[in-house]
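Okay, here's what each chain looks like letter by letter:
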Amino acid sequence: MRLTAAQACLKVDYNKCTKCGLCTKICWTHAMVKNQEGYPVMSQSDPSDSWHSCWACQRCMAVCPTGALSICGKDPADSVLTADRPSPQAVETLMLTRRTCRNFKDEDVPRATLEHILSIVGNAPSGGCHQQVEFTTFPDKGAFARFKTYFWERVQANAEQGIYPEGFNARDFALVKKGMDHGKDVIFRGAPNVLLIHAAMTRGDWVVDTSIAMSYAELLFNAYGLGTVVASFAGAALKKLPDVRTRLGIPEDHFLQCPLIFGVPAITFPRGVQRFDHLKIHMANS
């Protein structure tokens, strides 16, 4: 997102501003500068010069110690305070106790919970502050169930023509089909829903941006007591099913990250696992 000075709509509360200069120092595109009185103002550079226009990152508002700045129509009073961050130990516990879930309860994740989680995940960083990541999901397990039936029909139709999911061969497909024929949902693991994260392949780094967003979503789902698993077979299959992507409303020029299935876990874990001592850390010489 690139904004002109007028679109950025900078507002300064002069009763709160101490002229500390942190806002202009943190603005790495130099879209914000100090005026003769020492107060922050938007520069009047050529708006076509995207490298020196406002990127709507809101860092100036976030760094202001007194909350004197408002930009892009945002009120600093509505921002979450960094003082409220969880402790490192709390984050470590979440990372060490989250588990891949392959057993789900046959129930919907409340719509309000899902929408709230996605509103938070939408804050995931993106290259160049382009914020182009989009999310596609289903309103309920019934809608997802209908999609799964259609999806599997299309996967089988492709296989009959010798077209298999990217990275999978005929033997791999035969194993998946055997499970599906026996009533086992080995593709979506019986999950009630799926999250599809995608971004236009035009600006930023769509592969990295969607990967970061999926990591945020995976951790936050688990923080809310929900289970997740990356559906790699489904992701590979969708690469060979442009018509299914169209049915989902995902544009042709969008990169689609591997689907993340989620739901209420049928089995919970009272503790985390202990990894084997195989971590390799290398310190490169300068």
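Residues numbered from 1 in each chain as written. Predicted model: local features only at pLDDT ≥ 70, side-chain atom pairs only at ≥ 80, totals over all residues. Heavy atoms only, no water.

Student: Please clarify how the side chain of T24 should be interpreted in this entry.
Tutor: Residue position: T24 is located in helix 2 (residues 22-26). Reaching out from T24, the side chain makes a polar contact with the backbone oxygen of G21 at a distance of 2.9 Å. Contact partners of T24, with chain neighbours within four places excluded, come to M32, V33, K34 and P40. (Helix = DSSP H or I, 4+ residues; strand = E, 2+ residues; numbered from the N terminus. Polar contact = N/O pair within 3.5 Å; in protein donor to acceptor, adjacent residues only side chain to side chain. Contact = heavy atoms within 4.5 Å.)

Student: Explain the pattern of salt bridges here, please?
Tutor: In the structure shown here, the tally under the stated rule is 7 salt bridges. Of the charged contacts in the structure, one is a salt bridge between D243 and R154, with a shortest N-O distance of 2.6 Å. Note that D243 is positioned in helix 10 (residues 242-248) and R154 in helix 6 (residues 141-160), a separation of 89 residues in sequence. On the basis of relative accessible area, R154 is assigned to the partly exposed category, the value being 21%. Its salt-bridge partner being D181, residue K177 comes within 2.8 Å of it at the nearest N-O pair. A residue pair is termed a helical-turn pair when its members lie 3 or 4 positions apart in one helix, as K177 and D181 do in helix 7 (residues 170-181) at 4 residues. (Salt bridge = Lys/Arg side-chain N within 4 Å of Asp/Glu carboxyl O. Buried < 20%, exposed > 50% of the residue type's maximum accessible area, 1.4 Å probe, protein only.)

Student: Got a minute to help me understand the nonpolar core in this structure?
Tutor: The biggest cluster of nonpolar side chains holds 31 residues, and the ones touching the most others in it are F147, F151, V155, I187, F188 and V244. Going through the elements one at a time, helix 6, helix 7, strand 6 (193-200), helix 9 (232-238) and helix 10 are the ones with two or more residues in this core. With 8 residues, the single largest contributor to this core is helix 6. Residues in contact with V155, not counting those within four places in the same chain, are F173, F233, A237 and L241. In terms of nonpolar packing, the next biggest core, distinct from the first, is built from 19 residues, M32, Y39, M42 and A68 among them. (Core = buried A, V, L, I, M, F, W, Y, C linked by side-chain atoms within 4.5 Å.)

Student: Can you help me understand the packing of helix 6 against helix 7 in this one?
Tutor: Packing of helix 6 against helix 7 leaves a shortest axis separation of 12 Å and a crossing angle of 140 degrees. Between helix 6 and helix 7, the interaxial angle falls into the category oblique. Every pair of crossing elements has a handedness; the one defined by helix 6 and helix 7 is left-handed. Here helix 6 contributes W152, V155, Q156 and A159 to the contact with helix 7, which in turn contributes F173, V176, K177 and M180. (Axes fitted to C-alpha atoms, helices over the stretch in contact; angles between N-to-C directions. Parallel < 35°, antiparallel > 145°, perpendicular 65-115°, else oblique. Left-handed = near helix turned anticlockwise from the far one by under 90°.)

Student: Any chance you could explain the packing of helix 5 (residues 111-121) against helix 8 (residues 206-223) here in plain terms?
Tutor: Angle between the axes and distance between the axes are the two parameters that describe a pair of packed helices. Between helix 5 and helix 8, the least distance of the axes is 9 Å, while the angle of their chain directions is 140 degrees. Accordingly, the angle class assigned to the pair helix 5 and helix 8 is oblique. Once helix 5 is placed against helix 8, the crossing between them reads as right-handed. Side by side, helix 5 and helix 8 meet where L114, I117, I120 and V121 of the first sit next to A213, Y216, A217, L220 and F221 of the second.

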